[in-house]
Amino acid sequence: MKNIREIIADEFKKIGLEVLPADLDLPKNLANGDFSIFIKDTAVDPLKLPLEKISGAETQSNEQAHEYIQSIEVAGRFLNIRLSPKFFADVLKENLASGAAGVGFGRNQNLAGQKILIEYTDPNPFKELHIGHMMSNTIGESLSRIIEWNGADIVRACYQGDVGPHIAKAIWGIQKLAAERPAEEKTLAEKSAFIGNSYVAGSAAYEDDSESKKEIDVINKAIYEKTDSEINDLYTWGRKVSLDRFEEIYKKLGTKFDYYFFESETAPLGLFIVDELLGKGILEKSDGAIVFKGENYGLHTRVFVNSQGLPTYETKELGLTKMKFDRINPDQSIVITGNEQTDYYKVIVKILEFYDHRAGNRTRHIGHGMLRFAEGKMSSRKGNVVTGESLIADVEKRVAEKIQERDFSAEDKATIAEIVAIAAIKYSILKQAPGRDIIFDFEKSLSFEGDSGPYLQYTHARICSILRKAEEEGIVASVGGVIEDSQNAPNSASFVEEPGELEHLLIRMPDVVERAQKELAPQLIVTYVTQLASAFNSYYANNTILCDDKDISAYRVALASAVKNALASGLYLLGIKAPQRM
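None of these values were measured; they are calculated from a predicted model. Note that residues are indexed from 1 along each chain, following the sequence as it is written. Totals for whole chains, interfaces and linings use every residue, but because this is a predicted model, local features are given only for residues with pLDDT of at least 70 and side-chain atom pairs only at 80 or more, for both listing and counting. The side-chain numbers reported here are obtained from all heavy atoms of the structure, hydrogens and water having been left aside.

Caption draft 1: Expanded view of the overall build of the protein chain. Of the regular secondary structure elements, the protein chain holds 19 helices and 13 strands. With the C-alpha coordinates of the protein chain rotated into their principal frame, the extents come out at 90 × 65 × 40 Å. Residue contacts are defined here by distance: any two heavy atoms, one from each residue, within 4.5 Å place the two residues in contact. In the protein chain, of all internal contacts separated by at least 6 residues, the share reaching a separation of at least 24 is 73%. Approximately 26300 Å² of the protein chain is accessible, and the part contributed by carbon and sulfur atoms is 47%. Neither His nor the chain termini are counted; the positive set is Lys and Arg, and the negative set is Asp and Glu. Taken as the charge centre is NZ of Lys, CZ of Arg, CG of Asp or CD of Glu, depending on the residue. Computed over 69 positive and 86 negative side-chain charges, the separation of the two mean positions in the protein chain equals 3 Å. We count a stretch as a helix when DSSP gives it H or I for four or more residues in a row; a strand needs E for two or more, and each element gets its number in order from the N terminus. For the area figures, the Shrake-Rupley method with a 1.4 Å probe applies, and any residue is considered shielded solely by the protein chains shown.

Caption draft 2: The pattern of salt bridges, seen in detail. In what follows, salt bridge is the name for a side-chain nitrogen of Lys or Arg lying within 4 Å of a carboxyl oxygen of Asp or Glu. Inspection of every chain in the model, using the stated rule, returns 31 salt bridges. Ionic pairing is found between Glu184 and Lys191, a salt bridge with its closest N-O pair at 3.4 Å. For Lys191, a relative accessible area of 8% puts it in the buried group. Between Lys280 and Glu276 there is a salt bridge whose closest N-O contact spans 3.5 Å. Burial classification: accessible surface area is computed with a 1.4 Å probe over protein chains only, and a residue below 20% of its type maximum counts as buried, one above 50% as exposed, and the rest as partly exposed. A relative accessible area of 29% places Glu276 in the partly exposed class.

Caption draft 3: Here's a closer look at the packing of helix H13 (residues 410–430) against helix H15 (residues 453–472). To obtain an axis, a line is fitted to C-alpha atoms, over the contacting stretch when the element is a helix, and the angle between two such axes runs from 0 to 180 degrees between their N-to-C directions. With their axes 7 Å apart at the nearest point, H13 and H15 run at an angle of 130 degrees to one another. In this view, H13 runs oblique relative to H15, as classed from their interaxial angle. Across the interface between the two elements, Ile419, Val420, Ala423, Ala424 and Tyr427 of H13 pack against Gly453, Pro454, Leu456 and Gln457 of H15. Three classes are used, and their members are as follows: Ala, Val, Leu, Ile, Met, Phe, Trp, Tyr, Cys and Pro are nonpolar, Asp, Glu, Lys and Arg are charged, and the others, Gly among them, are polar. Its residues assigned to classes, the contact of H13 with H15 comprises 7 nonpolar, 2 polar and no charged. Orientation categories follow fixed angle ranges, with anything under 35 degrees roughly parallel, anything over 145 roughly antiparallel, 65 to 115 roughly perpendicular, and all other angles oblique.

Caption draft 4: Structural context of the nonpolar core. Judged by nonpolar contacts, the single largest core of 121 residues is most densely connected at Phe12, Ile81 and Val395. Residue contributions to this core peak at 12 residues, all from H13. When near neighbours in sequence (up to four residues on either side) are disregarded, Val395 contacts Ala421, Ala424, Ile425, Phe440, Phe442 and Leu446. The set of buried Ala, Val, Leu, Ile, Met, Phe, Trp, Tyr and Cys residues whose side-chain atoms join them within 4.5 Å is what this entry labels a nonpolar core.

Caption draft 5: Examining the packing of aromatic side chains more closely. Between the rings of Phe, Tyr and Trp (Trp by its six-membered ring), a pair exists once the centres lie within 6.5 Å; its type follows the angle of the planes, with under 30 degrees stacked, over 60 edge-to-face, and the other angles tilted. The final tally for this structure, using the stated rule, is 16 aromatic pairs. Ring centres 6.4 Å apart and planes at 35 degrees place the aromatic pair Phe246 and Tyr250 in the tilted group. Of the two residues, Phe246 and Tyr250 are both situated in helix H7 (residues 229–253); the distance of 4 residues between them amounts to about one turn of the helix. An identical accessibility class is assigned to Phe246 and Tyr250; each is buried.

Caption draft 6: Seen up close, the sheet that holds strand E2 (residues 69–75). DSSP calls a pair of strands paired once it identifies at least 2 bridges connecting them. An order of E1-E3-E2 is seen for the 3 strands of this open sheet, with the pairing classed as antiparallel. The open sheet has two edge strands, strand E1 (35–38) and E2, and neither has a second partner. If you compare each strand with its neighbour and ignore which way they point, the axes differ by 20 degrees on average.

Caption draft 7: Focus on the side chain of Ser445. Here Ser445 shows up in helix H14 (residues 442–445). A residue is classified by how much of its surface remains accessible, and Ser445, at 4% relative accessible area, is buried. Beyond its immediate sequence surroundings of up to four residues, Ser445 is in contact with Ala424, Ser428, Phe440, Ser452 and Pro454.

Caption draft 8: Looking closely at unusual backbone geometry. The backbone of Thr121 sits at a positive phi, close to 80 degrees, despite the residue not being glycine. Relative to the assigned elements, Thr121 resides in the loop between strand E4 (115–119) and helix H3 (131–149). Positive phi, normally seen in glycine, also occurs at Lys226, with a value near 55 degrees. Following the sequence through the fold, Lys226 ends up in the loop between helix H6 (210–225) and H7. According to the relative accessible area criterion, Lys226 is exposed, its value standing at 63%.

Caption draft 9: Representation of empty space enclosed by the protein in the model. Only protein atoms enter the 1 Å grid, on which a cavity is a set of points fitting a 1.4 Å probe that cannot get out and a pocket is an open set with protein on both sides within 12 Å along at least 5 of 7 lines, lining residues being those with an atom within 4 Å of a point. Grid points are joined across faces, edges and corners, and a volume is the space filled by probe spheres set on the points. Evaluation of the coordinates by the stated rule reveals 3 cavities of 30 Å³ or more. In this structure, the largest cavity spans a volume of roughly 50 Å³. The wall of the largest cavity is formed by Ile4, Leu26, Asp34, Phe35, Phe87, His504, Ile507, Arg508 and Asp511. Taken together, the residues of the lining of the largest cavity break down into 5 nonpolar, 1 polar and 3 charged. In this structure, the second largest cavity spans a volume of roughly 40 Å³. Of all the elements in the fold, those that place two or more residues in the lining of the second largest cavity are helix H9 (313–327), strand E10 (332–338) and helix H10 (342–355). No other element matches the 4 residues that H9 contributes to the lining of the second largest cavity. The residue inventory of the lining of the second largest cavity, partitioned by class, reads 4 nonpolar, 3 polar and 2 charged.

Caption draft 10: Summary view of the sheet that holds strand E7 (residues 284–286). Strand order in this open sheet of 3 strands is E7-E8-E9, and the pairing throughout is antiparallel. Looking at strand neighbours, the two that pair on one side only are E7 and strand E9 (302–305), the edges of this open sheet. Adjacent strand axes in the sheet meet at a mean angle of 50 degrees when their direction is disregarded. Two strands pair when backbone bridges link them, and strand E8 (residues 289–292) and E9 are joined in this way by 3 bridges, in the antiparallel orientation. Looking at the pairing, Phe292 lines up with Arg302 of E9.

Caption draft 11: Up close: the side chain of Ser192. Looking at the secondary structure, you find Ser192 in helix H5 (residues 188–208). Setting aside chain neighbours within four positions, we find Ser192 in contact with Glu128, Val241 and Arg245.

Caption draft 12: Region of interest: the environment of Phe292. Among the structural elements, Phe292 can be located in strand E8. Given the relative accessible area of 0%, Phe292 is considered buried. Between the C-alpha atoms of Phe292 and Gly281, which are 11 residues apart in sequence, the distance is 9.6 Å. Among all residues touching Phe292, those that are not within four sequence positions of it are Ile282, Leu283, Tyr297, His300, Thr301, Arg302, Phe304, Val347, Lys350, Ile351 and Phe354.

Caption draft 13: Molecular detail of the layout of surface pockets. Considered as a void within the structure, the second largest pocket measures approximately 740 Å³ in volume. Along the wall of the second largest pocket there are 29 residues; nearest its centre are Asn3, Arg5, Pro510, Asp511 and Glu514. Those elements that provide at least two residues to the lining of the second largest pocket are helix H1 (4–14), helix H2 (85–101) and helix H17 (509–519). At 5 residues, the largest contribution of residues to the lining of the second largest pocket is made by H17. Considered class by class, the residues forming the lining of the second largest pocket number 13 nonpolar, 6 polar and 10 charged.

Following this line, the structure appears as structure tokens:
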């Protein structure tokens with residue numbers, strides 16, 4: 001079906017009013033119509049527009065009136081547009097068809113032909129995946145799915161620091177804690193936890209003991225040079241354990257990356273670029289290091305090669321960007337990290353403007369806030385890090401307690417506990433704009449009463465239960481013809497209820513998906529599906545879906561099915577699973 005915004009815009013052109021599809025707003029209050037237009041041109045008198053030519057308000061027999069526009073009301077310089085029952089019925093049919101085909105409701109092809117690379121999560125081997133990485137993963141995966149639903153070809157990428165001081169600290173710790181190293185038959189989780197503890201020990205020693213610092217610096221140099229066989233073996237073992245463990249967590253979170261980039265690969269390429277920029281005078285030498293004097297551009301100075309001759313993160317980032325555009329050549333490259341790296345990326349983009357206009361113009365950074373607890377900002381350097389898997393495990397335990405009395409097998413309870421826990425965490429992260437900090441509230445995040453991931457899942461499961469009962473009773477979802485008056489008696493040939501809040505919300509989903517992509521705003525999806533779930537539960541409380549009249553039941557089952565499809569689509573876009581039973 002043609003986009004309703006385009007239909008409305010085309011109709012207004014017929015009466016001489018230039019309206020762009022983007023000029024149509026969605027009123028916050030449904031009582032003000034389905035769309036509204038503000039007439040900016042003061043030379044146009046809204047009251048003198050021949051609105052009856054495109055609206056069926058004056059006469060239902062008007063041959064020029066569009067079948068989808070029921071009425072247009074003038075409110076000052078606003079035109080409030082109400083859509084017809086025919087349009088709502090057609091959207092319901094389209095929704096049901098998309099659900100039956102398994103393609104999801106709300107998709108469009110606005111970005112067809114574009115390739116967009118999204119880099120997110122970016123945990124470092126030899127350190128555990130903490131909740132900051134989990135925030136990046138949640139936001140990055142949701143944005144990937146939203147942009148994909150707008151027609152783009154998405155390339156998911158993960159960039160990981162497999163060289164650098166943090167690894168030297170971890171390997172030093174592994175050597176010192178060798179007696180505690182788990183046997184090979186132990187789980188990846190146990191081995192990963194040991195490596196994480198080794199990093200904490202090495203990090204503390206590096207700051208507190210000068211001799212240990214010297215030893216770690218020697219290890220760091222040996223990692224780059226690959227000159228020590230024992231260190232090489234520990235490096236190979238620890239790197240594999242870390243990466244394999246990350247894959248287990250990615251699977252649980254619903255992410256599968258297309259590309260993995262590593263600092264060990266980007267560093268040599270970055271050094272080559274640094275030499276080129278040094279020769280052009282863009283970078284300069286300072287106290288034995290190579291730096292970019294950002295103050296000349298309203299930024300701050302960054303070191304690209306330190307006084308020991310080793311590349312910094314900045315140099316590796318240049319190599320990474322070149323690899324991205326040489327290998328993939330995306331139309332846009334989006335990088336998602338914590339807010340603390342925002343200024344760093346401003347410098348990187350400025351450097352790219354000198355080196356590679358293609359990459360500089362197409363690279364965009366999105367910063368996210370912190371997920372905070374009572375103890376304040378976490379710090380992996382000091383060791384009081386909250387890992388992503390420990391947070392999931394803690395929430396899973398609380399979910400298990402909530403559902404322990406439910407009539408499910410132990411295996412089903414474990415599955416439900418996992419997907420509900422992840423839903424609770426992801427919803428909490430995505431319900432606000434990415435740049436804001438989040439205070440995670442365990443009780444609110446696990447509520448089945450509203451404004452939570454589990455609430456959305458529970459609503460979806462409730463509708464699935466209703467639809468199973470409808471199937472048992474032989475009631476098939478059906479959207480009949482259109483009634484012209486809500487007082488008309490329903491009949492078996494054609495029955496459609498007067499469009500209510502649910503129908504009005506359902507037609508908005510394609511618009512919300514499009515806007516969420518344009519603004520890179522997953523929180524718009526969260527707000528929408530939460531409103532939809534609330535509206536359905538209110539409808540369910542006031543209407544009997546499986547009633548004595550089979551024709552009314554057929555329509556209400558169709559409406560429930562459409563809501564289920566929209567909820568399932570919305571949950572998918574948030575990276576949350578939609579269970580059929582809870």
